[in-house]
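Breakdown of the fold
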Amino acid sequence: MPLDREKQLTRLKKRLEGFGRVAFLAFAVLVGFSFYLQVIKGDYYYFLSEKNRIRVYPLFPPRGKIFDREGNVLATNYPTFDLYIVPYYLFKECRKEKIPYWKHPTFRLLVKEVGVDEERLKDNLEKGKRAPFVPRLIAKGLTESQLAKVESLKWALRGVYVDAAETRRYPYGELFAHVVGYVGEVTEKDVKSLKFYPGDSVGKTGLEKYYDELLHGIGGWESWEVDALGHRIKPVAKSIPTKGMDLKTTLLLPLQEKAKELFEGKIGAVVALDPNTGEVLALYSSPSFDPNLFPRGISVKDWKRLNRDKTRPMTNRAISGTYPPGSVFKLVVALAGLTEKKLNPWHKINCTGAMRFGNRVFRCWKRQGHGKTDLYKGIVQSCDVYFYNVGKDLGVDLISKYAFMLGLGKKTGIDLPYEAKGIVPTKKWKRKRFKAPWYPGETLNYAIGQGYINVTPIQLAVLSSFFANGGYLVVPHLNLEEKVKKIDLGIPKRYINLVRRAMLGVVEDEHGTAHWTARLKGIKIAGKTGTAQVVSREIEERYKKGHRIVKKRYAEHAWFVAFAPYKKPLIAVAVVVEHGGHGSSSAAPIAKEIIAEYLRYKGLLKEKDAGK
Amino acid sequence: MRVNKGILSKRLDLGVVFVFFLISAIGLFTLAGIYEGSIFLKRQILWHVIGIAAFLGVLSFDRKFFREWVWFFYIGAIALLIMVLIVGKVGKGAQRWIIIGPFRLQPSEFAKIALALALGSVFEHFSVKGRIPLGLREVLIVGAVCLPFFILTAMQPDLGTALIFVLVAATVSFFAGIKRGTLVLCLLFAFVVAFVGWNHLKPYQKNRIIAFLDPKKDPYRTGYHIIQSRIAIGSGRLWGKGYMKGTQSRLNFIPEKHTDFIFPTFAEDWGFIGVCVLLFLYFVFITRIIEICKRAKNPYALYTTVALGAIFFWHIVINVGMTMGLLPVVGVPLPLMSYGGSATVASYITLGLILVMVRE
């Protein structure tokens, strides 16, 4: 028996060899996996540990200011106070008192007394659970009363503190809203593209957007070593932000103010250019909005109000609003006819108030007709029949060739975002767009600036500049330091002068369409009226107590383009007034006042109430 | 004096003791690097002193004493485990400690030893009666011996320790040999238990297992420990970040960096080279114990030493495996490295018992 036992023991002990091998295998697996983690994937995990350890805090650069040409500040920065919370202290007390954080007095006071958005606060506290020492921004741009509340409740607000920051401000509010634009918080997309840190401000529209790179400056950062809870342990590295560049614009404050005043209660836009350089002197779109709503984050209420407004205050009509040019287009048709030698300026056409073409009758705006009409009279009195004939001789594509040449149907290249191209129709365009041929009758309509053609006020301001400076296109610009670009179209001066002289007649000739509305004593203004008709069948007429009421939405838009002084033009203007009826009545006086204001500013117009 | 002479006589394997102390020294050194001059290091040194006293105490008895009193230890351990459930201190979602004055006693650490001793006795009985390899009846007996421990620790709940009980019993059973049919039956039973058990796990335990299977699913909750632990180990690269330079541990990204997750702390500072050295020492330690087992003169000593050695082996493998993300996170300390009084003292006692069992 003992021998047997001895044998059994020896046999068992042999198994220990196997156990040794299993142990070896187990350790080999551990070492092998360790090799995988530390040697093969070591750099990857090292990177992850650095990412854990280092937290980068952005330092936002002060944004460049924007000035008008005289140094008035159109956009600046001012110190604001932001509210932060370090959630740790709140959580700690909640744990002690065994209450959820939304029942803690700090939370209740912040929501009820200081007016912090409850959802935003909750969201931040939830995010703060993992790293409770990271400060969370809970309210931006505190008001004075909020600041006072925070100060007086300080003893009860755990882990809450106020920090100073810079916020954009537009001192003139609505006045420059469309042209200067506004800044807002970067979108998540921007952050994901690694261009910006969250919380940074970028230009969203206007000059703020177009020159964002220049104005923004170069962001800096500070990297800190943090622990797992988000405590900052020690600074690691820092990059100092570079201040954004200031932008000096070509705008003129008094002119812009005048524009706003003139558009009080009206919808439309005005662009005033220096016709020799393309510098934008004034650019105003009405109605406007307060850009100061945006930098601190616009409230949902305000955002909805702005977007639901039927008058679309957020649209910059001066560059994005497109309208048929109406009779203003006759300038283009006249120049095309002259240059193409399809038009003899002295040849007279008899206007009887209407013209038969095919089986349709095309009417002149003057029912009784203009009688014998040459080019001068055709422009001065804006005779439709005269231009039906010119258009008929030229054909659509030849007119469009000149329209394109004169800058219509394409962007002018102004240094603003969201510029519209407008439409200059051609046969090809219509086939593509409507899958239909161009009807000859449409050419007649086109010749008086109605139908498919669509232009922006800035395009017509450039067109006006073209006639003002005697033959070259300018690129409108707002940056005072931008180089002046002139595009000589090579159209013979004598043709341009013929049209120019007729434009003078529009205002100076006693039969001119704008004679009674745009004439200014002591200064010779040249111009052209226009009425943009919105497709007539959409005019909805209602009768009420016997009066015909034209529903405003479908009424006619009034145009007036002008330049002055006639001999040596200093300003070119394009004005559009939506629902303004005929161009001469509502748009022309605005242009006149703008011109007067500018010439007064230039010292060319002495009398205060000249022309009135 | 005679006793002491016996204790330190050449018949003891001093090699394993040397490795034991070497690893303990590395453990203390690592702890010293975590909290400079902190209370943990001082306390751990105290545990080692108490441990050495317990070690010498164990050596002053002979194996017959433990064999005779085995059921006393067994019942005592069960009593302590029941006490934990009644008066135990709740910590980290589980009741694991009994407060005795300034100390917190974790009875489950000592229960492992009691179980090993009990298993030694049971298997001796089997071997004397010629009931080896084990049939179904024997396996059921072994299961019955484990069951109180398993249930009582699982109720704390301390799944890691409960698992260790099962693994130790399984190791000894495999060592003794199991009949093929019984083995198949056992495996089937294990599957059923695993399936039913899953539905009775606490949410955090389920989460741990889910996190182990897919740590990246929710890196800030369940997978957080595993991911941070892996980052710590991996970021040590070949040469390590240097002593006390490990950012994952210094900045508290590793949870439980001085107890269950001390291995990542060490691996981050010393890199793959350090890990190789440490794991080599542990391997030597285990192989030394296997060598010692071979010196056993009777079945009782042999089975007991295997059971005691299995405690060390499974602790090491499970702890290192879980910190690397190879195994689910269960709260099992790394012997001789992890901070903890009960575990440290228990390790000394375990080693002492191993030496006592094979002493001539």
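Residues numbered from 1 in each chain as written. Chains lettered and ligands numbered in written order. Predicted model: local features only at pLDDT ≥ 70, side-chain atom pairs only at ≥ 80, totals over all residues. Heavy atoms only, no water.

**Describing the environment of Ile34(B)**
Residue and element names in this part refer to chain B. Tracing the backbone shows Ile-34 in helix α2 (residues 14-34). Each C-alpha atom of the pair Ile-34 and Gly-236 lies 16 Å from the other, and the pair is 202 residues apart in sequence. Excluding its chain neighbours within four sequence positions, the residues that come into contact with Ile-34 are Lys-257, His-258 and Thr-265. (Helix = DSSP H or I, 4+ residues; strand = E, 2+ residues; numbered from the N terminus. Contact = heavy atoms within 4.5 Å.)

**So, the packing of aromatic side chains**
To describe a pair of aromatic rings, one takes the distance between the centres and the angle between the planes. Residue and element names in this part refer to chain B. In this structure the tally under the stated criterion is 56 aromatic pairs over all chains. Between Phe-65 and Trp-69 the ring centres are 6.0 Å apart and the planes differ by 35°, which places this aromatic pair in the tilted class. Taking relative accessible area as the criterion, Phe-65 reaches 22% and is therefore assigned partly exposed. The class for Trp-69 is partly exposed, based on a relative accessible area of 41%. (Phe/Tyr/Trp six-rings, centres within 6.5 Å; stacked < 30°, edge-to-face > 60°. Buried < 20%, exposed > 50% of the residue type's maximum accessible area, 1.4 Å probe, protein only.)

**Some words on the domain arrangement of chain A**
All names here are of chain A. You can read the domains of chain A as domain 1 (56-248) and domain 2 (253-602). In this structure, domain 1 and domain 2 have C-alpha centres spaced 45 Å apart. Counting residues at the interface gives 32 residues for domain 1 and 33 residues for domain 2. Both faces combined, the contact of domain 1 with domain 2 buries some 2900 Å², and carbon together with sulfur accounts for 62% of it. Taken together, domain 1 and domain 2 are joined by one salt bridge. (Domains from an automatic or database assignment. Buried area = accessible area lost by both parts, 1.4 Å probe. Salt bridge = Lys/Arg side-chain N within 4 Å of Asp/Glu carboxyl O.)

**Looking at helix α11 (residues 224-235) of chain B**
Within an α-helix, residues lying three or four positions from one another point in the same direction, as the helix has 3.6 residues per turn. Residue and element names in this part refer to chain B. Spanning twelve residues, α11 covers 16 Å between terminal C-alpha atoms, matching the ideal 16 Å at 1.5 Å per step. With ten of twelve residues buried, α11 is to be regarded as a mostly interior element. Among the residues making up α11, those that are buried are Tyr-224, Ile-226, Ile-227, Gln-228, Ser-229, Ile-231, Ala-232, Ile-233, Gly-234 and Ser-235. Just past α11, the residue Arg-237 takes up positive phi, approximately 50°. (Expected span 1.5 Å × (residues − 1).)

**A few points about the confidence of the model for chain B**
Summarising the model, chain B shows a mean pLDDT of 87, and 91% of its residues fall at 70 or more. Under a pLDDT of 50 for its full length, residues 1-6 of chain B has, in the predicted model, two contacts with residues more than four places off or in other chains. (pLDDT = per-residue confidence, 0-100.)

**Notes on the pattern of salt bridges**
According to the stated counting rule, one finds 30 salt bridges over all chains in the structure shown. Of the charged contacts, one joins Glu597(A) and Arg600(A) as a salt bridge, the two residues approaching to 3.4 Å between their closest N and O atoms. Here Glu597(A) and its partner Arg600(A) are both found in helix α23 (residues 583-602), three residues apart, which amounts to about one turn of the helix. Judged by relative accessible area, Glu597(A) falls into the buried class, the value being 17%. For Arg600(A), a relative accessible area of 23% corresponds to the partly exposed category. Overlapping salt bridges, with partners in common, bring together Glu50(A), Arg53(A), Glu225(A) and Arg250(B) in one network.

**A closer look at the interface of chain A and chain B**
The interface is formed by 38 residues belonging to chain A together with 55 residues belonging to chain B. Counting each side, the surface lost to burial between chain A and chain B is near 4100 Å², with a carbon and sulfur contribution of 71%. Counting across the interface, chain A meets chain B through three salt bridges. Among the ionic pairs, Lys294(B) bridges to Glu17(A), the shortest N-O distance being 2.5 Å. At the boundary of chain A with chain B, the tally comes to 14 residue pairs in polar contact (both at pLDDT 80 or more). Those elements giving two or more residues to the side of chain A that touches chain B turn out to be α1 (2-40), α2 (42-53) and β8 (220-226) of chain A. For the side of chain A that touches chain B, the leading source of residues is α1(A), giving 23 residues. Residue composition of the side of chain A that touches chain B, grouped by class: 22 nonpolar, seven polar and nine charged. (Polar contact = N/O pair within 3.5 Å; in protein donor to acceptor, adjacent residues only side chain to side chain. Nonpolar A, V, L, I, M, F, W, Y, C, P; charged D, E, K, R; others polar.)

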